[in-house]
Structures are given as structure tokens and as C-alpha cells.
Amino acid sequence: MRLGIISFILFIFLLVEGTIFQVFVPDAWGLPFTIVPRLVLAGVIFIGIYLGKNTGLVYGLIFGLLYDIIYTDMIGVYTLSMGLMGFSAGLAARYFHQTIFFTSSMILILTTINESLAYGFYELFNLSNMSMSDFLLRELIPTVLFNGIFAIIIHVPMRNVLKDKGYGEDIV
Amino acid sequence: MIIIIIGIILLIGIMGATMKERPFPSWPEIFIRDSLSTVQGMLYKPTQGTTEILTKMTHFYNIYNENKALKANLDRYAQVSAELEQVKGENDRLRTMLEIRDNKLKGYKIQTAEVIQRTPDRWNHMITISKGTKDGIKPNMAVVSAKGDLIGRVSSVSTFSSSVELLMDIEKGNYISASITGAAPIYGVIEGYVMQKDQGFLIMKKVPKQIKLTKGAYVTTSGMGEVMPQGLMIGVVDSWTDGDYGLTQTVYVRPLANFYQIEQVFVIEKKM
């Protein structure tokens, strides 16, 4: 049941990223920077933190693959990066208390790594047309800040969905 | 640990295998894209509608200000009527220009399509439109915005939806043969896209060295290369430098189309 709800939420996040959010992105209104919404990634990190590293890995792989199929031509970049992020969120959660400070800083760090990984892969295959400094200033910093704020907003509802009854560490 | 390493190697292998151009994706991809495109269409359209209402409201506010200014101008009626004559002339001229463009578009088979979604990240400049193989969309068809400016080409088609690669993604090797309009057309190839001074420019290469260029000249597709039809508006000439080895010129072209907030597009089929 809980997994059903969280899968549905992540699915909605996945759709919102490419549709509703794209109307409101800053560069659509002529601003020089852009925000890449990583709502799904935030959800995957929450799952990793509250439901364990293996669940995080599985959710990261599945939703990364969906993201790749719907939004990009090349399959594998986001599958790999989101899977890794879910897994490492689960790993780190073992050593810290799951406070709002921990989750939001986790999302800040992992979003940075995820963006850099994706940029690295697209640069490796020579598909990105952005220089390193442009990537840092125009894209990475606004994106990470936005996702940090988003993490603080969804922390309490996500905790309520994910941490109700006394399940074990790992579900999958 | 070994499993993770094997997994990473496998995924990088998949990336390498799928990075090349695939006009007809595999059936699981087609299935997922088609089934999600209906849901996404339901999400995208109302949002666009709401923002349209908002922009209209700002328009109303502008009209209010304008009305005030016009009332103040009423005293200077003679001057305004002189201006009117001038504007009338300009209007006629623009109308004839528009007709020319319309006629050019009329030579092709046009299909209207709704935009369903846009890729959130900025390394894949892709949009998905609401028509696919069922409606006769084929890979490599030109896609123009509602105003008639070229925005990209169809890169892969599913049954009910298809992906459009915007002009910014041009570096993948799908060059566009273009010509600068003037007394005699100047031919070149659009090969890339750069960001300069917060503005994106298309890079047009292989323009002959001796030719004098003028700023603000229109750049259209030339129809050579058999991919794009002739005469689609791309942009205007902004600046130029010496090209590779100093034998040619490289022209920076400012695209006319707005690549954001695209609501409807025309897919253009080349008539044989």
C-alpha cells in the first residue's frame, strides 16, 4: 500500500517535471539561468533514506529508466545516476538521524552529484553544448538551490507517507 | 560490489548502443511514450491556458495605460493622423511580406500538432508533439512554430506521438543547409549552437569569403540536402568572423523562433 502511494507520487512528479514545470522555468521567461526540476530524484532520495538502500536503488533504477525513455534519446544516463543516488542516500542514512537538516543537505549534495554525473556523461558523448562555467553558474547552482527548497517543503509529508508503521529496514 | 561494477559497465554499454540516431525506437519505448503522452497532454494544456490568461491580463493592463496615453495624445490629432498614414503604409508592406511567406508555406503539406511536453534538462532540447506515424509523421520532417519560423525537425516517431529535436541540438550531426537572402542567395551550412552574452546563436559555416554580409539579413533553409524544404525562416544575421583556416566565413545567426512556451507547431512535409 505504502509502496503504491509512493510510486504514484513519484509518477506524478515525473510527469510534472516535463509538462507543468516547463511553462514556469526561468529561461522560458527570458532569464539567463535555468532550473532543472529534479522532483523524482528528491523522491528517490527520500525513499533511500527511509526505506533502505536497496529499495532506493530499485526505485532509482526504475524511475531513471522511465525518465530516459520519455525525455531523452540516449538510455542509461539517468538510470545509472538516479540508481546510484538512491543507493548512496540509503547508505548515508544509516549513520545519521533522519532530521529535516539531514534530508535537505542530503538532497543538496546528491542533486549536485547527479547533475555533474549527467553533465559528465553528456560531455563524454559530446552531446552537451554548454561550457563548464556556464553549467556551474547558469544551471547547477539554481537547480541545487531550488531542489533544496523543494526538499524542505516536502520533508514532512514524505516522512508521514514513508515512516508510519514499523516496517523493517528493507522492503525489497 | 562486483554486481555494482558489472551493472555500471552494462549501463554504459547501453548508453553507447542507444546514443546514435534512432528514428524508429523499439516497441517498449513506443508503448511507454505513447501511453504517457496522453496523460502529459492533459497536464500541459491547462497550464498553458492559465499562463495565457495571465499574459492576457497583463495585456489588459497595458491597454489601460495605452488608453490614458492616447487620451493625452488627442490634442495632437494632426500629428497622430500623419503617423497613421505612415503606419498604414507600413502595414501594407508587412501584409505583402506576410503573403509571400504564406505562399511559400502553402507549397507544402502542413500538419498542426500540439506540444505535449519538453525535456526538463538542458542537454536534450527535445519536445514531444501529439502526432505520430498514425497521422503520417515521418522522421526528418521540418517543424515550424505557429509564426512560421523553423524550430527543429522530427527525430523519432511513435504511433501517437513523436519527438522533435530543437535547433539547439544541432550538434549531433544533423546539419541544415541554409541560405542568406539578398540580391543573390548566399549558401552555407548551419552546424552548431552557442550561448553568447545570454543569447543563443546558430553557427553558419562554409560561407564564401569574398561575399559582403549585411547585419539583419534573413536566413532561410535552402532546400539543398533533401531534408528540409526550401524557404523556411531560420533567423537573422547578427555577426560574422573568419572561419576555419581563413578560407570561409562563419556567421552567427540569431534564431527568430522562441524555443520556449511553444504551444502549437506545424509539421511540414516536403512535396515530391
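Quick caveat: nothing in here was measured; it's all calculated off a predicted structure. (Residues numbered from 1 in each chain as written. Chains lettered and ligands numbered in written order. Predicted model: local features only at pLDDT ≥ 70, side-chain atom pairs only at ≥ 80, totals over all residues. Heavy atoms only, no water.)

Some details on the overall build of chain B
Thinking step 1. Along its length, chain B carries three helices and 12 strands.
Thinking step 2. If you line up chain B on its principal axes, its C-alpha atoms span 85 × 50 × 45 Å.
Thinking step 3. Summing over all exposed atoms, chain B offers an accessible surface of approximately 15300 Å²; the carbon and sulfur share of this is 62%.
Thinking step 4. If the 32 positive side-chain charges of chain B are averaged to one point and the 27 negative ones to another, these points end up 1 Å apart. (Helix = DSSP H or I, 4+ residues; strand = E, 2+ residues; numbered from the N terminus. Areas by Shrake-Rupley, 256 points an atom, 1.4 Å probe, with all protein chains shown as cover. Lys, Arg positive; Asp, Glu negative; His and termini not counted. Charge placed at Lys NZ, Arg CZ, Asp CG, Glu CD.)

Some words on the sheet that holds strand E11 (residues 248-255) of chain B
Residues and elements named next belong to chain B.
Thinking step 1. Spatial ordering of the closed barrel is given by E6-E7-E8-E11-E10-E9, a layout of six strands whose pairing is antiparallel. This sheet shows a mean twist of 45° between the axes of neighbouring strands, independent of strand direction.
Thinking step 2. Bridging between strand E6 (residues 176-180) and strand E7 (residues 186-196) involves five bridges; their strand directions are antiparallel. Looking at E7, one finds that Ala-178 is bridged to Gly-188. (Pairing = 2+ DSSP bridges. Axes fitted to C-alpha atoms, helices over the stretch in contact; angles between N-to-C directions.)

Overview of the packing of helix H4 (residues 53-71) of chain A against helix H5 (residues 77-93) of chain A
Helix-helix packing is described using two parameters, namely the angle between the two axes and the distance between the axes.
Residues and elements named next belong to chain A.
Thinking step 1. It is the contact of H4 with H5, at a shortest axis distance of 7 Å, that shows an interaxial angle of 160°. Here H5 runs roughly antiparallel to H4, going by the angle between their axes. Taken as a pair, H4 and H5 cross one another with a handedness that is right-handed. Here H4 contributes Lys-53, Asn-54, Gly-56, Leu-57, Gly-60, Leu-61, Phe-63, Gly-64, Leu-65, Tyr-67 and Asp-68 to the contact with H5, which in turn contributes Val-77, Tyr-78, Thr-79, Met-82, Gly-83, Gly-86, Phe-87, Gly-90 and Leu-91.
Thinking step 2. Split into classes, the residues belonging to the contact of H4 with H5 amount to 10 nonpolar, eight polar and two charged. (Parallel < 35°, antiparallel > 145°, perpendicular 65-115°, else oblique. Left-handed = near helix turned anticlockwise from the far one by under 90°. Contact = heavy atoms within 4.5 Å. Nonpolar A, V, L, I, M, F, W, Y, C, P; charged D, E, K, R; others polar.)

With respect to the packing of helix H6 (residues 100-124) of chain A against helix H7 (residues 132-162) of chain A
All names here are of chain A.
Thinking step 1. Following both chains from N to C, one finds H6 and H7 inclined at 150°, their axes separated by 9 Å at the closest point. As judged from the angle between their axes, H6 and H7 are roughly antiparallel. The hand of the H6/H7 crossing is right-handed. For the pair H6 and H7, the contacting residues are Ile-100, Thr-103, Ser-104, Ile-107, Leu-108, Thr-111, Thr-112, Glu-115, Ser-116 and Tyr-119 in the first and Met-132, Phe-135, Glu-139, Leu-140, Thr-143, Val-144, Asn-147, Gly-148, Ala-151, Ile-152 and His-155 in the second.

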